[in-house]
Amino acid sequence: ALAGGAAGCSERLTQPGQCPELCPGGTPVGQEEILTALPDNDSTFTGYTDASAGAVMLVGSGIPTAADTSYGVLRFTRPDSVTYRDTLRAYTVDSAEFAMLVVAHDTAVHDAKIQLYRLPSSIDTTALSYAALAPLFTPANFVGEMPLPDTATADTVRLKVTGAAVGQIAIQPSDFSKLAIGIAIVGGVPTGGRVGNTKSILPPSLLTYITPTAASPSPVSIGATTDFTGYITRQVPAVDPALLTVGGVPSSRVLIRFPWSARLRDSVTIVRATLELVPAQPTEGLPNDAGTLNVRGLATDFGAKSPVEPLSLGAVSLPANTTDTVRVEIATVLQFWQTGLLRPPAIFLSVSPEVETFTRAVFGS
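This structure is a prediction, so every number in the text was calculated from the model and none was measured.

Asks: Sorry, what's going on with the environment of Leu-207 here?
Replies: Turning to its location among the elements, Leu-207 is positioned in strand E12 (residues 205–212). In this structure Leu-207 comes out as partly exposed when scored by relative accessible area, which is 30%. In the structure, Leu-207 is positioned 43 residues away from Pro-250 in sequence and 33 Å away in space, judged by C-alpha atoms. Leave out the neighbours within four places in its chain, and Leu-207 touches Ser-95, Ala-96, Glu-97, Ser-221, Ile-222 and Gly-223.

Asks: Help me out: how do you make sense of helix H4 (residues 331–339) in this one?
Replies: Residue pairs three or four apart in sequence face the same way in an α-helix, which turns once every 3.6 residues. Turning to H4, its buried residues are Ala-331, Val-333, Leu-334, Phe-336, Trp-337 and Gln-338. Those residues of H4 that are buried are in contact with helix H3 (262–266), strand E18 (291–298), strand E19 (308–318), strand E20 (326–329) and strand E21 (346–352). Positive backbone phi, approximately 90°, marks Gly-340, located one or two places after H4.

Asks: Any chance you could explain the pattern of salt bridges here in plain terms?
Replies: What the rule picks out here adds up to 13 salt bridges. A salt bridge links Arg-257 to Asp-301; its shortest N-O distance comes to 2.6 Å. A residue pair is termed long-range when its members are at least 10 positions apart, and Arg-257 in strand E16 (residues 252–257) and Asp-301 in the loop between E18 and E19 qualify at 44 residues. Here Arg-360 and Glu-284 are joined by a salt bridge, their closest N and O atoms 3.4 Å apart. In this pair, Arg-360 sits in strand E22 (residues 360–364) while Glu-284 sits in the loop between strand E17 (274–277) and E18, placing the two residues 76 residues apart along the sequence.

Asks: Hey, could you run me through the nonpolar core in this one?
Replies: The nonpolar side chains of a soluble globular protein tend to be buried, and buried together. One finds Phe-98, Ile-114 and Leu-116 to be the most contacted residues of the largest nonpolar core, which totals 34 residues. Mapped by element, the contributors of at least two residues to this core are strand E2 (56–61), strand E3 (69–77), strand E6 (91–105), strand E7 (113–119), strand E8 (142–147), strand E9 (155–161) and strand E10 (178–186). Filtering out sequence-adjacent residues up to four positions away, Ile-114 remains in contact with Met-100, Val-102, Gly-144, Glu-145, Met-146, Leu-148, Val-157, Ile-183, Ala-184, Ile-185 and Val-195.

Cut-off values and rules
- Residues numbered from 1 in each chain as written.
- Predicted model: local features only at pLDDT ≥ 70, side-chain atom pairs only at ≥ 80, totals over all residues.
- Heavy atoms only, no water.
- Helix = DSSP H or I, 4+ residues; strand = E, 2+ residues; numbered from the N terminus.
- Buried < 20%, exposed > 50% of the residue type's maximum accessible area, 1.4 Å probe, protein only.
- Contact = heavy atoms within 4.5 Å.
- Salt bridge = Lys/Arg side-chain N within 4 Å of Asp/Glu carboxyl O.
- Core = buried A, V, L, I, M, F, W, Y, C linked by side-chain atoms within 4.5 Å.

Right, here's the structure in full:
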């Protein structure tokens, strides 16, 4: 009996517990839970980035909406004389070639063209307005046009100016060595393109072939310095404070805050999380050139100036004319909330490339 009692009281330190209350039972159960954004805690903030900070000019007709028209402006500095045989001489222009990078356009529009127009050299580039610029895009100022390729979204386009059109790019003494050019993109249907500016990987260029005024002239070529690139749009949409607007120019971002219970923080394993956004109107943009909606968690909640955590990222493409609910997988963001790496249960929405895309979306608040 003593031996039996001793055996019954022995400890089994290397074996799992025998009591049912110490053992997990059953199989894990997946559950779905809907978190509705906190009322009066989502906001649109506008003005983070303006057009001058981008590497492209957004040029088009009827894009992103039927009421929109955007024109690009280039201004070159070209000398009015060249040194030839140790003498500074005037010259005549034989021909010229413009080159520019079209970063993206809608390849489904097969008759799209990029057109160039001569603008007054005195144009005030610090105060461009659509009302002042639009009347200058007339046949009298037409320099030339080139088709946009159907086979590639991005390509370098070149326009050679010869013959009578050379007179449209001649620089008079009153021009003070400046040559201003307007850019339009047109097609049989509303279309547009993103044209590289001076900050792009291939800035616009102008190469001029000339004949110096000399007894025995020989043809030479001279380059030009691009001293300004920019664009102007017919309208800048107003931001409705009762809705959530993301994208556009100047750029808008959205802050949304959510409830976060102790149960979600301590008692579950998050395997999937889907942010659902309901468009209040069709998504604006250039067909076949969608921007990307980015969703990031906040490192600290300072409202409009809140820093985001770059690793907590969810992203989805935003095609033009989207009316269905937009869904973004953001499990990484919620897992950061759960582990405490991101304390505030809030997210920031933005569109990339910021101010370099026609994409603009408006969601219900």
